Amino acid sequence: MSALFRVQVLAALALVLLLLPGSAWAFTVVDQAGRTLTLPASPRRIVSLVPSVTELLYAIGAQDALVGVTDFCDYPAEARRKPHVGDMISPNLETLVTLKPDLVVATRSGNREEIFDQLTRLGIPVYLVDPITVGDVLRLVSELGQLTGHRDGAVAVEKDLGRRIAAVRERVAGRPHPRVLYVLWPEPLIVPGKGSLVTELIALAGGASVTADQGQGYPRMSLEAAVGRAPEIIILARHGSRVGPAALTQWQRLESLPAIKSGRLYMADGDLMHRYGPRVVVGLESLARMIHPEVFARPEPSK
Amino acid sequence: MTAAARLAWICGGLAILLVAVAMGSLLVGAAPVSPGIVLDVITGRGPAVGTDRTVVLSIRLPRIAAAMLAGGALAVAGAGFQALTRNPLAEPSILGVSAGAAFGVVLAQVSGLGQGVVEALGLTVFGFTGAAVAGLAVYLIASSAAGLPVHTLLLAGVIVGIFFSAAITVLISIVDANRLGGVIHWLLGSVAPIPPSQLAIFALATVAGVWLVLGQARALNLLALGEEGAIELGVDALRVKRRIFMGAALLTGTVVAFVGPIGFVGLIVPQVFRMLLGPDNRILVPAAFLGGGAFLLAADTLARIVVAPAELSVGVLTSFCGAPFFIWLLRSRVARVAP
Amino acid sequence: MTPLAEFRAVSFVYPRGAAGRPPFELRELSFSVAPGEVLGLIGPNAAGKTTVIRLLSRVLSPSRGAIMIGGEPASALGRAAVARRIAVVPQDVPHGFPYTVEQLVLMGRFPHAPARFFESREDLRIAREAMALTGIESLAAEPLEHLSGGERQRVVLARALAQQPRLLVLDEPTAHLDLRYQAECVALLRRLHRDEGLGILLVSHDLNLAAEVSDRLLLLAGGSAVKVGPPEEVLEETVLEAVYGCRVMVDKHPATRRPTVNVLWPDGR
């Protein structure tokens, strides 16, 4: 073989290698906090400190790249079998490091800032997510797809979510919006305020949240002020098994309240609505059934 | 004017004040309910269903009742304890009972001791149990062959209080973030609407505690002569000490179990009334009950409306009153407040 | 006649002695106070005088022996019953005592109706009488802190009188008083003794005062009775020197002819 021929073969090989998907030599991304990260390659060992992200990674088919999760990452069931690094506030750094991650996904609302600094100092890149709206969730899906190289899976999820959201919107279109009070936490009373995910979900489901004008995120409110806005529907969020029957009986005692009298007091699965994962549409659908039972087949009364 | 007549006048005046504050408190709040509607609801003329009715009868009214009871109970506990220890700085929380009650409730909230158990019994039972354990511990530590020496009682109360406060801190450090907010909210004292059956228990326990203290009011006066001086006049000092301790512990434990720890009421109210009405406990204790109820009710009403639609914890407001009051007390020449 | 108060071989031990020394004791003390008698209880410090008062008023209970009050055993009587028969007059009221004169005197009515919430009209009348007896009616509404030592002395005395006791126990009544008030106190005591027929147990370290006022003296030392009898018998030089450990001369008061004790002050060499 002549020298020229060998060079040509090598050049062709190099070209082929360059064109193979996911084999770029340098990989630059911008996370949702606007920070630019340069990774040597598409991450193959991801630690997720955010339960929503864990769910999304499974949804887009990237679970093989997931090597570590938090104690709260309980969906899907297989996620619980992944190695645990602790809780969201103070994960165990040593355990984390032994997993040899090449990327850690975290969020400012839920994880502590000091952890990001520590990880960066240890040379582990941190990808911050900060979804607030439903639109942010869809964008996150595609970003994670790009990040992990599972673009097809991401696209499929995006399409499915979009379709189901549109379906709900259609069915409640044109209907009157009943006043909804969503109780995130009963004592102290915490409600969804301006710009929070739950507020948006309620609006999409065809309701009008009575607390939509309150402070950013999930502010506190007095019981009297909330009740004084005459909600027609009251939804109590359940967090795992923690907000239990006591909250329910407490609200049921307010018998002279129209919402209670007409039996429109419901329990909702908090995990569906407070996580920025693929199950927000499940949450949306359940909200829609509570708010507009006349349009949907199975209404879900309070248990 | 005889002492009995004086007592009647003072209680009458304070009762009127209390009713006035209660009515005012019923008329204000975060929800917009006009006075006319409030009156309708109270007199039973309003609609049977409606948010206004819920707000007035199920939210404001029970809260007003709880605030009056809690304020009165704490003030009487404070008055009794200050007279017993002959120390104007004594506050019911020094007994260690409130820390015990708080620990009981926080423990129940944090561990969710088998959710069913906690829900079935209610947090108040845990509060009462904690109070009883702490009270018993203080009593056992302080009582000896020589009776129940007052300074040992004080020390024992402080020690038990410190122990349970430390235990609470441990619990707070291990509770997960979700529940932490709820626990801290309770620890600041919150006069949340209490169902009528529980309110009845609250009232009964308060009456029992006030009865225990008031029954010893005359003997308490004699204790100002010193324990020996009182015994020489025929006072059964040990019996008085036991009754006052039990009464103050019952009152304090009850308040903490139902509305959480609220500071300074038990310190400020008896002091103020002692300055205005004199040291005679037979007049001071009833006056403190009515005045304490009015005071805490006013504070709670403020807490409800000052940052509406959100609300402050009533413990925050009473704490704000505490420091300035102390400063004024120290610097005031008028204050001859040694009980 | 039944004595107002009687100690029968009473022994008492304080639960804990001061560092190093054995716990203080009363040893088999026996004495009695007859109705209408003035008995002076004298002796050096830590002789047991205060302990006697505490035992009488039932603040303490004897380890052995019996205390009789008006012929009945003290242990069988309730505290209030004892307080109706015996009134202890302390030296003063505790510092910072917040009540007025009348309120304090009224406290003396407690043992007569401990179950009452407020004092009765009768109680008020008796209290005013007691205040009149000691000459302090004009001070009724004054807080005690505003009064002088002598005035306060008369107030605690009025309180004791309001108890309507048979026996008055005075604990060092002239300890903090200047001469004028000492004299007033003696006059008052004599008047009370004469007009009301009260028995008086006077505890004092002032030997001459005790000698002047008492019908009999009881000399206490180290928890035991050393001598009892009329002042001339008890205040005897050898006895006193043995008990007090210093040299004395006993003379007669120029006016009253009662014994007076004069210390032979050492010259320091």
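Residues numbered from 1 in each chain as written. Chains lettered and ligands numbered in written order. Predicted model: local features only at pLDDT ≥ 70, side-chain atom pairs only at ≥ 80, totals over all residues.

Side note on the interface of chain B and chain C
- Counting residues at the interface gives 21 residues for chain B, matched by 23 residues for chain C.
- With 4 residues, helix 11 (residues 227-232) of chain B is the largest single contributor of residues to the side of chain B that touches chain C.
- The residue makeup of the side of chain B that touches chain C, split by class, is 10 nonpolar, 4 polar and 7 charged. (Contact = placed C-beta atoms within 7 Å. Helix = DSSP H or I, 4+ residues; strand = E, 2+ residues; numbered from the N terminus. Nonpolar A, V, L, I, M, F, W, Y, C, P; charged D, E, K, R; others polar.)

Looking at the interface of chain A and chain B
- Counting from both sides, the interface comprises 27 residues of chain A and, opposite them, 31 residues of chain B.
- Of all the secondary-structure elements, those providing two or more residues to the side of chain A that touches chain B are helix 8 (223-228), helix 9 (245-252) and helix 10 (258-261) of chain A.
- Of the residues forming the side of chain A that touches chain B, the biggest block, 5 residues, is contributed by helix 8 of chain A.
- Of the residues that constitute the side of chain A that touches chain B, the class distribution is 14 nonpolar, 6 polar and 7 charged.

Some thoughts on the environment of Ala288 of chain B
Residues and elements named next belong to chain B.
- Position of Ala288 relative to the elements: it lies in helix 14 (residues 281-305).
- Sequence spacing of Ala288 and Gly266 is 22 residues, and the spatial spacing of their C-alpha atoms is 9.2 Å.
- Setting aside its immediate chain neighbours within four residues, Ala288 contacts Ala75, Val76, Ala79, Val269, Pro270 and Phe273.

Let's talk about the pairing of strand 7 (residues 167-171) of chain C
Residue and element names in this part refer to chain C.
- Here strand 7 lies mainly inside the structure; 5 of its 5 residues are buried.
- Along strand 7, one buried face is formed by Leu167, Val169 and Asp171 and the opposite face, lined by Leu168 and Leu170, is buried too.
- Two elements, strand 6 (residues 86-89) and strand 7, share 4 bridges in a ladder whose sense is parallel. Within strand 7, the position partnered with Val89 by the bridge is Leu170.
- Since strand 7 and strand 8 (residues 199-203) lie parallel, the crossover through helix 6 (residues 179-196) that links them has a hand, and here it is right-handed. (Buried ≥ 20, exposed ≤ 12 C-beta atoms within 10 Å, placed from the backbone. Pairing = 2+ DSSP bridges. Right-handed = clockwise from strand over helix to strand, strands pointing away.)

Quick look at the domain arrangement of chain A
All names here are of chain A.
- Domain annotation for chain A reports domain 1 (21-155) and domain 2 (174-291).
- In this assembly, 11 residues from domain 1 lie in contact with 9 residues from domain 2.
- Mapped by element, the contributors of at least two residues to the side of domain 1 that touches domain 2 are helix 2 (51-59) and helix 5 (134-148).
- With 5 residues, helix 2 is the single largest residue contributor to the side of domain 1 that touches domain 2.
- In the side of domain 1 that touches domain 2, the residues fall into 8 nonpolar, 2 polar and 1 charged. (Domains from an automatic or database assignment.)

Remarks on the nonpolar core
- Ala70 and Val76 of chain B together with Val169 of chain C are the most contacted members of the largest nonpolar core, which totals 262 residues.
- Sorting elements by how many residues they give to this core places helix 3 (residues 51-85) of chain B first, with 19 residues.
- When residues are assigned to domains, this core turns out to be shared by domain 1 (21-155) and domain 2 (174-291) of chain A, each giving three or more.
- If we skip the residues at most four places from it in the chain, Ala70 of chain B touches Val191, Val255, Val259, Ile262 and Leu296 of chain B. (Core = buried A, V, L, I, M, F, W, Y, C linked by C-beta atoms within 7 Å.)

Observations concerning the packing of helix 3 of chain B against helix 9 (residues 196-215) of chain B
All names here are of chain B.
- Look at helix 3 against helix 9: their axes get within 10 Å of each other, and the N-to-C directions meet at 20 degrees. Viewed along their axes, helix 3 and helix 9 adopt a mutual orientation that is roughly parallel. Handedness of the crossing formed by helix 3 with helix 9: left-handed. In this structure, helix 3 uses Pro62, Ala65, Ala66, Leu69, Gly72, Ala73, Val76 and Gly80 to contact helix 9, whose residues at the interface are Leu199, Phe202, Ala203, Thr206, Gly209, Val210 and Val213.
- Of the residues assigned to the contact of helix 3 with helix 9, the class counts are 11 nonpolar, 4 polar and no charged. (Axes fitted to C-alpha atoms, helices over the stretch in contact; angles between N-to-C directions. Parallel < 35°, antiparallel > 145°, perpendicular 65-115°, else oblique. Left-handed = near helix turned anticlockwise from the far one by under 90°.)

Brief notes about helix 5 of chain A
Residues and elements named next belong to chain A.
- With 15 residues, helix 5 ought to run about 21 Å at 1.5 Å a step, and its terminal C-alpha atoms sit 21 Å apart, in line with that.
- Along helix 5, the positions that sit buried rather than exposed are Val134, Val137, Leu138, Leu140, Val141, Glu143, Leu144, Gly145, Leu147 and Thr148.
- Buried residues along helix 5 sit against strand 1 (27-30), helix 2, strand 6 (126-129), helix 6 (151-172), helix 7 (197-204) and helix 12 (280-291).
- Of the residues flanking the end of helix 5, it is Gly149, one or two places downstream, whose phi is positive at about 80 degrees. (Expected span 1.5 Å × (residues − 1).)

Structural notes on the packing of helix 2 (residues 35-43) of chain B against helix 3 of chain B
Residues and elements named next belong to chain B.
- Where helix 2 contacts helix 3, the two axes come as close as 10 Å, and the packing angle between them is 70 degrees. In this view, helix 2 runs roughly perpendicular relative to helix 3, as classed from their interaxial angle. Only Asp52, Arg53, Val56 and Leu57 of helix 3 make contact with helix 2, whose side of the interface consists of Ile37, Val38 and Val41.
- Along the lines of polarity and charge, the residues of the contact of helix 2 with helix 3 split into 5 nonpolar, no polar and 2 charged.

Comments concerning the sheet that holds strand 8 of chain C
Residues and elements named next belong to chain C.
- The sheet built from 6 strands is open, its strands ordered 6-7-8-3-9-10 with mixed pairing. With partners counted over all chains shown, the strands left at the sheet margins are strand 6 and strand 10 (224-229), one partner each. Averaged over all pairs of adjacent strands, the angle between strand axes in this sheet comes to 15 degrees, irrespective of strand direction.
- Strand direction decides the pairing type here: strand 9 (residues 216-221) and strand 10, joined by 5 bridges, are antiparallel.

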